[in-house]
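Topology and contacts: notes
Listed below, chain by chain, are the residues.
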Protein chains: 2
Amino acid sequence: MVSTAQTVMFMGRPKLYEAAAEELRQQIQRGRYLPGQKLPSVRELSRQMSRSIATIQQMYQTLERQGWVVAKPRSGYFVVDQLPGQIEEVPRLPRPRLQPESVSEWRMALNSTSHNPGDIPHLFGRATPDPNITSLNPLKKYLADMTRAANASTLGYGALQGVSGLRGQIARRMVSAGCRISADDVLVTTGCQEAITCALQAVTRPGDIIAIDSPTYYAIIQALEAMNLKALEIPSDPVTGMCLGALELALDQWPVKACVVTPNFGNPLGGFMPKKNKRRLIQLAREHDICVIEDDIYSELDYRPGRPEAIKAYDTDERVILVSSFSKVLAPGLSVGWILPGRWFRQVEQQKYITSLTTPVLPQLALARFLEEGHYDQHLRRVKPMYQQRRDIVRNLILRFFPEGTRVTCPKGGLLLWIELPENSDALVLSRAALDSGISIAPGPMFTVGGKYRNYFRLCYGTISSESDYAAINRLGKLAHKTIRPVPRKETGRLEQEHA
Amino acid sequence: MVSTAQTVMFMGRPKLYEAAAEELRQQIQRGRYLPGQKLPSVRELSRQMSRSIATIQQMYQTLERQGWVVAKPRSGYFVVDQLPGQIEEVPRLPRPRLQPESVSEWRMALNSTSHNPGDIPHLFGRATPDPNITSLNPLKKYLADMTRAANASTLGYGALQGVSGLRGQIARRMVSAGCRISADDVLVTTGCQEAITCALQAVTRPGDIIAIDSPTYYAIIQALEAMNLKALEIPSDPVTGMCLGALELALDQWPVKACVVTPNFGNPLGGFMPKKNKRRLIQLAREHDICVIEDDIYSELDYRPGRPEAIKAYDTDERVILVSSFSKVLAPGLSVGWILPGRWFRQVEQQKYITSLTTPVLPQLALARFLEEGHYDQHLRRVKPMYQQRRDIVRNLILRFFPEGTRVTCPKGGLLLWIELPENSDALVLSRAALDSGISIAPGPMFTVGGKYRNYFRLCYGTISSESDYAAINRLGKLAHKTIRPVPRKETGRLEQEHA
C-alpha cells in the first residue's frame, strides 16, 4: 500500500512547503493534533521537520487556505475545530417495525466474532479494550503472584455469591452511579453475558415479549432467540438512546415482560440517555409493571470525569436488574461480571448456580486488591482520555478514507463507533472482503432482528493505536468504495422511513 | 480434643507395650500402614519407637490377639486384610418411586456448598481435588507466566469453540476412552456445569422428562428444576451404577427425552458401570430414541492404570453428548470444561454462546501446554495412588469413629465416599452440627428429589491429608453418635424396601 504522502512525492516533485503541508495534514488527520489543539510554533516545527523557517511559514499559510489550521493573533496556529470534509451529522437509522419479531439467523453473529483472535491482525469487530496499557500491570502482577501461590481456597470452588471483598468494592463504586447498595446486594457472575442470561431466565418464560434497543448488542438478540423469547425493537437514538415515545407506544400495545436497555454509551450506538429520560423510563416500567434489565458495562468509560448515574438510581421498587463486568474497562479475559438482581435475587442466584456453580476465585481476589489499592481509578484516569483520542483519530480516518455520504457516531464514552455507509452499500459484503484483508468488523444486520441495518457496521477503536491499524482503516475505506452497488436510487428499498 | 492415645496414657499408667500397641494401632487406622501391608521388623520398630525389643515383641503379640496384625512365618508381621470392626458391606439404598417428580427445595444444596471456602477449615462437602500437589506446579507456572505477559489475544475474547491446541489434546485423550474424535468435535466450556446446562438446553423443552441416577449430583437436579424439566430417578447401584432394568421399565412407561448418567465413578456413589451395561444403555437409548448426556468428569481418576471407556465409545449414531472438565483432576478454579455435542453441535454451540460468549483463553493455553509437555500424565500417575490411599484412610477412620451400623462405599476411582448412617440418623442435623465444628459435608437429601437419603451423606476425601483433618473426622463421628434419634424401629418409615 502506498500512503498519500508518498503518492504526492512521486507525482512531479511537489514544492517543499507542499510536502510539509501534506505531512502535517496527515498528522492532524491521524489525530496527533486534535481539533482545536494548539500547533507547534514555526520555529519549533522548523527544527522538528528539518525545514527552513520560510518553508514552515508557507506550509502554515497553505494549510490555513485549505481550512485545516487557523491562525490566532499572538497565539500561533491551531487545528480548526471542525476538520475539512468532516460531516458532523450522526447516522440516520431506519425505523424498526415496532412489533415482536422472531430472531434472525444467529450464525451471522458468529461469522464476525468466532475467529481465533490470533488469526486476525485487526480485530475491530469485537468490543475490546486495550490490554497492553501499563496501568493494568499491577493487576497482571497480582494475578500472576496469586496463581503461583494458588491453594485450596483460590483454586477450589468459591462461594456462590462471589468474593465478599470484591462485592464490597463494587457496591462502593455504585455510589457514584446514584445507587445505595451493600455488598450483600451484589452477585458476582462469570462475565456480563452470564449476568444477562441469568436475568432473562429469572424473569421470563418462553414466548414472553422483551423490549430491546434497536440496534442492540447482538448477544442479547441471540439470548432471546435461544430462550424462545420475542424481541420488540424500540428505535434508539445515536445521541440520547432508547426512544421513550416509541417504548410507551409499544407498552400500550403489547404485553411486554421486560426491557433490556443500555442507557450509558449503548452498544452499538454509544448514545447517552439524559437524566430525565432515565426517570421517565422507570415511571413507564412501574406503570406497566415490567422489569428493566440495565446493561451498565460502558458507564465507567465516560470521557467526562466520574461516571453517569444508572437507571437503577431512580428505582424505588427493586424492578431494575443491573448487569455489568470488568470486560470493557479492564479485559474480557478476566470473565468477572456482576449483577444486582433487585427483587429477583433468589431466582437469579439459582440461575447462576446452575449455569456455572461459582465464578473462579483467583481473578476476583486479584481484582478486589486492584480496586482496593486505587489502581482501578488510576487506570480509568489513564484510559478515558486515551480512548477519547482514539475515537477522534479513528473517526477522522473514516471520514477521510470512506465513500462520500458515510456518517459516524461520536460517542461521549465507551469504545464503539457505528458507521452508516451510503445507502446502496452492503456491510455484509464489506465484512467478508475485510476479513480477507485481515480486518474484522461487525456488520449492521447482527444488531437487529430481520435484516435491517444492511449498510451499517460497528467498529471498536479500543485497540486501534498503530500505523498498521490506521493503514487497515484506509484499506477498509477502499473496500467500502468497492462494495457500493451501482443500483438506481429507487431500488435500494431496504431503508424504510427514517426517524429523528 | 484429646486423642485416644493420650486418653490411654491418662487412665492409670498402661504398660509400655500397651501404649506402643495403641500407637501402632492408630497408625494402622489412619492408614500409615494399609490392610495387607508388611509392617516394620521388631528390630526396626524398636529403634523407631525407642522401645526395647521385648516391648515391641509383646506389642505385636497383643495386636495379633486383637486381630490387627498377622504373623507370617519367615516374613514378619503384616496388617490384616480386613481391619477389626470393618464392615465391608456397601450402603443399602431406598428404592426411588420410579415416576417423574418435581424437584426438591434447591436451597438445601446451597446450605452445604455456599460457604466462603476460607471460612470452613474442613471442606469435605464439595468434590474437590487437592490443589497443593507439586505436580500441579508447572501448570501454576505457565498460568503465572502467561498472565504476566498477557496481551490482546490472551486477555481478549477468544474463539467460541475454544483454543484449538487444547481441543486437540482433549481429542487425543479420548482415544483411550474408546472415542475416535477430532479437535473439531470438541467445544470448550467454562467448566463442566456450563456443559451440562448447555446440553440440557440444547435437547429439551420445558416439561420434558429426564432420567437421572438416584442418588445423583445435586447440581443436575437443580438444573432440571430451573429449566422446568421433570426428574425421573433411576436407582443406581454403589458398585455397578445405574440399574438398567429399572431404566428399561421407566422408558417403557414414560416419554423420556434424555438420560443423564455418570458411568465411571459416579457422584455420589462412585459406582462403575460394566462394559456390557454401557453397551446395553446405548441399545436402550436407540430403541427409545433418547439422548444420553454422559458425565465423564471422574473417569481419569480410575485407580487402575489408564482410564475406562466412555459410553460414547459405543455410540454409533451421535446420540451421546459427553461433558467433562479439568475440575476433578486438576482444579475447579480453572473453570475449563468441554463438551462433545454429537449431533447437537449447532444447538450446543448456540447455548454456549449466549451463556458466556467464550471461555477465557489464558487458562486454555496454559492447560494445552501442560498436556502437551506430559505434565498431565505425570500428575495423574502421582495423584491416583494418593487418592486411593486417602480413600482407605478415610474409610477406616469412618468405620472406626462412626456409630455401629454405618456403611461406606469403596469406589475404584474418583474422590467421593457415600456414607449410610444408622436408619434413625439425620444427615441434615449432622450437617448443621458439623458446620458449627468447622466441617462441611453434603447431606443425602441434596442428591435426590423429594426427601430421600435422610440418613446418608457424601464426603470428599480429595483434600484430606492432615492430622487435623483426621481429627475432624473423629469429631464428625462423635456428632453422628449424638444425632441418632432414639425412636422405636417401627417409626423410622423413611426407607422403603431396599434394593440389591
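Please read these numbers as outputs of a predicted model, since none were measured by experiment. (Residues numbered from 1 in each chain as written. Chains lettered and ligands numbered in written order. Predicted model: local features only at pLDDT ≥ 70, side-chain atom pairs only at ≥ 80, totals over all residues.)

For chain A, the count of helices and strands is 17 helices and 18 strands. Contacts in chain A between residues at least 24 apart in sequence constitute 74% of all its contacts with a sequence separation of at least 6. (Helix = DSSP H or I, 4+ residues; strand = E, 2+ residues; numbered from the N terminus. Contact = placed C-beta atoms within 7 Å.)

In this section: the domain arrangement of chain A. All names here are of chain A. By the assigned domains, chain A splits into domain 1 (4-79), domain 2 (93-130 + 378-499) and domain 3 (136-376). Computed from C-alpha coordinates alone, the two centres of domain 2 and domain 3 are separated by 24 Å. In this complex, domain 2 contributes 35 residues to the contact, which on the side of domain 3 involves 40 residues. Elements with a minimum of two residues in the side of domain 2 that touches domain 3: helix 15 (375-401) and strand 14 (416-420). Ranked by the residues each element gives to the side of domain 2 that touches domain 3, the list is headed by helix 15, at six residues. (Domains from an automatic or database assignment.)

Right, let's talk about the nonpolar core for a bit. Counting residues in each nonpolar core, the largest one holds 275 residues, and the members touching the most others are A199, V292 and I339 of chain A together with A199, V292 and I339 of chain B. In this structure A199 of chain A touches I293, I321, V323, I339 and V348 of chain A, once residues within four positions along its chain are discounted. (Core = buried A, V, L, I, M, F, W, Y, C linked by C-beta atoms within 7 Å. Buried ≥ 20, exposed ≤ 12 C-beta atoms within 10 Å, placed from the backbone.)

Moving on, we come to the relation of the copies chain A and chain B. For these two chains of identical sequence, chain A goes onto chain B by a turn of 179° and a shift of 0.0 Å along the axis, with RMSD 0.2 Å. Here the two chains are linked by the operation of a two-fold rotation axis. When C-alpha positions in chain A are compared against the rotation axis, the closest is assigned to A144 of chain A, at 2.0 Å. Taken together, the interface assignments show that 100% of the residues at the interface of chain A recur at the interface of chain B, consistent with an identical surface on both copies. (Least-squares fit on C-alpha atoms with pLDDT ≥ 70 in both.)

Residues and elements named next belong to chain A. For chain A, the average pLDDT comes to 87, and 88% of its residues sit at 70 or higher. Contacts from residues 491-500, a stretch scored under 50 in pLDDT, to residues over four places away or in other chains number 17 contacts. Here the predicted complex scores 0.79 on pTM and 0.76 on ipTM. (pLDDT = per-residue confidence, 0-100.)

Right, let's talk about the packing of helix 3 (residues 42-49) of chain A against helix 4 (residues 53-65) of chain A for a bit. Residues and elements named next belong to chain A. Where helix 3 contacts helix 4, the two axes come as close as 9 Å, and the packing angle between them is 110°. Our classification of the angle between helix 3 and helix 4 gives roughly perpendicular. Regarding helix 3 and helix 4, the two cross each other, and that crossing is right-handed. Contacts between helix 3 and helix 4 involve V42, R43, L45, S46 and M49 from the first element and I53, I56, Q57 and Y60 from the second. For the contact of helix 3 with helix 4, the class distribution of residues is six nonpolar, two polar and one charged. (Axes fitted to C-alpha atoms, helices over the stretch in contact; angles between N-to-C directions. Parallel < 35°, antiparallel > 145°, perpendicular 65-115°, else oblique. Left-handed = near helix turned anticlockwise from the far one by under 90°. Nonpolar A, V, L, I, M, F, W, Y, C, P; charged D, E, K, R; others polar.)

Okay, the interface of chain A and chain B next. Frequently, the measure chosen for interface size is the accessible area that the parts lose on association. On the side of chain B, 53 residues touch chain A, which itself brings 53 residues to the contact. Elements that contribute at least two residues to the side of chain A that touches chain B include exactly helix 6 (137-148), helix 7 (152-155), helix 9 (191-203), helix 10 (218-226), helix 13 (345-356) and helix 14 (361-372) of chain A. When residues of the side of chain A that touches chain B are assigned to their parent elements, the largest contribution, six residues, is made by helix 13 of chain A. Residue composition of the side of chain A that touches chain B, by class: 24 nonpolar, 25 polar and four charged.

Bringing the environment of Q388 of chain A into the picture now. Along the chain, Q388 of chain A falls in helix 15. Q388 of chain A sits in the partly exposed class, given 18 other C-beta atoms within 10 Å.

So, on to the sheet that holds strand 8 (residues 241-242) of chain A. Two modes of strand pairing occur in sheets, parallel and antiparallel, and in both the strands are linked by backbone hydrogen bonds. Residues and elements named next belong to chain A. The mixed open sheet is built from eight strands, whose spatial order is 5-12-11-10-9-6-7-8. Only two strands of the sheet have a single partner each, and these edge strands are strand 5 (187-189) and strand 8. Looking at chain direction, strand 11 (residues 320-325) and strand 12 (residues 337-340) are connected through four bridges and run antiparallel. Bridge pairing links L322 to L340 in strand 12. (Pairing = 2+ DSSP bridges.)

Turning next to helix 13 (residues 345-356) of chain B. With 12 residues, helix 13 of chain B should reach 16 Å at 1.5 Å per residue; the first-to-last C-alpha distance of 16 Å fits that figure. Counting buried positions along helix 13 of chain B yields nine of 12 residues, so the element is predominantly enclosed. Taken together, the buried positions of helix 13 of chain B are occupied by V348, E349, Q350, Q351, K352, Y353, I354, T355 and S356 of chain B. On the buried face of helix 13 of chain B, the contacting elements are helix 9, helix 10 and helix 13 of chain A together with strand 5 (187-189), helix 9 (191-203) and strand 12 (337-340) of chain B. Phi turns positive, to about 60°, at L357 of chain B, one or two residues after helix 13 of chain B. (Expected span 1.5 Å × (residues − 1).)

Residues and elements named next belong to chain B. Strands sit in the order 5-12-11-10-9-6-7-8 across an open sheet of eight strands; the sheet is mixed. Each edge of the sheet is formed by a strand with only one pairing partner; in this case those strands are strand 5 and strand 8 (241-242). In terms of strand pairing, strand 10 (residues 291-295) meets strand 11 (residues 320-325) through four bridges, oriented parallel. Opposite V292, over in strand 11, you have V320 as the bridge partner.

All right, on to the pairing of strand 12 of chain A then. All names here are of chain A. Covered by surrounding structure in strand 12 are G337 and I339 together with W338 and L340, the residues of both alternating faces. Summarising the sheet, strand 5 and strand 12 pair through three bridges and their orientation is antiparallel. Residue pairing in the sheet places T189 in a bridge with G337 of strand 12.

The sheet contact formed by strand 1 (residues 69-72) of chain B and strand 2 (residues 76-79) of chain B spans four bridges and is antiparallel. Each residue of the ladder has a partner; that of K72 of chain B, found in strand 2 of chain B, is G76 of chain B.

Take the environment of V449 of chain A next. Residues and elements named next belong to chain A. Inspection of the secondary structure assignment puts V449 in the loop between strand 16 (442-443) and strand 17 (456-460). Given 24 C-beta atoms within a 10 Å radius, V449 is considered buried. In sequence terms V449 and T216 are 233 residues apart; their C-alpha atoms lie 9.6 Å from each other.

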